Amino acid sequence: MDYIEAAKQVIQEVSQEDGRALVEKGVKVLDVREPGEYLAGAINGAINVPRGVLEPAADLNYPGANPALRDHRDDAWLVVCKSGGRAALATQTLSEMGFKNVTNLVGGMDGWQAAGFPMAIPSDENMTVVLKEPCRID
Ligand SMILES: O=S(=O)([O-])[S-]
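This structure is a prediction, so every number in the text was calculated from the model and none was measured.

About the criteria used
Along each chain, the written sequence defines residue order, and numbers are assigned to residues from 1. At least 70 in pLDDT is required for a residue's local features to be given in this predicted model, at least 80 for side-chain atom pairs to be given and counted, and no such filter applies to totals for whole chains, interfaces and linings, which use all residues. Excluded from the side-chain calculation are hydrogens and water; included are all heavy atoms of the structure. Under the scheme used here, helices are H or I runs from DSSP no shorter than 4 residues and strands are E runs no shorter than 2 residues, and both carry numbers assigned from the N terminus. Based on C-alpha atoms, the radius of gyration is set beside the globule rule, defined as 2.2 Å times the residue count to the power 0.38. When a residue's accessible area, from a 1.4 Å probe over protein chains only, is under 20% of the maximum for its type it is buried; when over 50% it is exposed; and in between it is partly exposed. Any two residues whose heavy atoms approach within 4.5 Å are treated as being in contact. Accessible areas in this description were obtained via Shrake-Rupley with a 1.4 Å probe; residue shielding takes into account the shown protein chains only. Counted as positive: Lys and Arg. Counted as negative: Asp and Glu, with His and the chain ends omitted from the count. Taken as the charge location is NZ of Lys, CZ of Arg, CG of Asp or CD of Glu. Each salt bridge in this description consists of a side-chain nitrogen of Lys or Arg and a carboxyl oxygen of Asp or Glu lying within 4 Å of one another.

Draft legend 1. Representation of the overall build of the protein in the model. Across its full length, the protein carries seven helices and five strands. The order of helices and strands in the protein, counted from the N terminus, is α-β-α-β-α-β-α-α-β-α-β-α. For 138 residues, the compact-globule estimate of 2.2 N^0.38 gives 14 Å, and the protein sits close to it at 14 Å. Seen through its principal axes, the protein has C-alpha atoms that stretch 45 × 35 × 25 Å. Within the protein, buried positions represent 42% of all 138 residues. In the protein, 70% of the contacts between residues at least 6 apart in sequence involve partners at least 24 apart. Within the structure as shown, the protein displays about 7200 Å² of accessible surface, and the carbon and sulfur contribution to it stands at 51%. The protein carries 13 positive and 20 negative side-chain charges, and their two centres are separated by 2 Å.

Draft legend 2. Looking closely at the pattern of salt bridges. Scanning the entire structure with this criterion turns up eight salt bridges. Its salt-bridge partner being Arg51, residue Glu55 comes within 3.5 Å of it at the nearest N-O pair. Here Lys82 makes a salt bridge to Asp110, at a shortest N to O gap of 3.0 Å. Note that Lys82 is positioned in the loop between β4 (76-80) and α6 (85-96) and Asp110 in helix α7 (residues 108-114), a separation of 28 residues in sequence. Classification of Asp110 as partly exposed rests on a relative accessible area of 35%.

What follows is the structure, given as structure tokens:
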């Protein structure tokens, strides 16, 4: 099974041009790449929650969740990764977790950079590198 293709059948996606328009309108941007990828350059204002810690970071019941993500389920989110694969999976997961308006950027940050769209060196304040509490297995 191709999980990314399966996700793409059920999620919203936008082109680079439409993604840029969303950013200009103030959509929240979730960057699910690894911290080193994010720190090398990201969409201005994007928060970083790597794909590997997405579910606990967004979980309403997990004490170590990231409030910048967890508490914004009704907001519009643009989800980005390197080329659109991880973000497709993350977009599907967030929809299943109750996020109302999540959209994958087709082509990801590779496409964004190739288009010459604006990027910034992000602040590490916008990162979820380590969850505040370790994941529990009860
Ligand atoms: O980020 S990715 O689409 O290359 S898996």
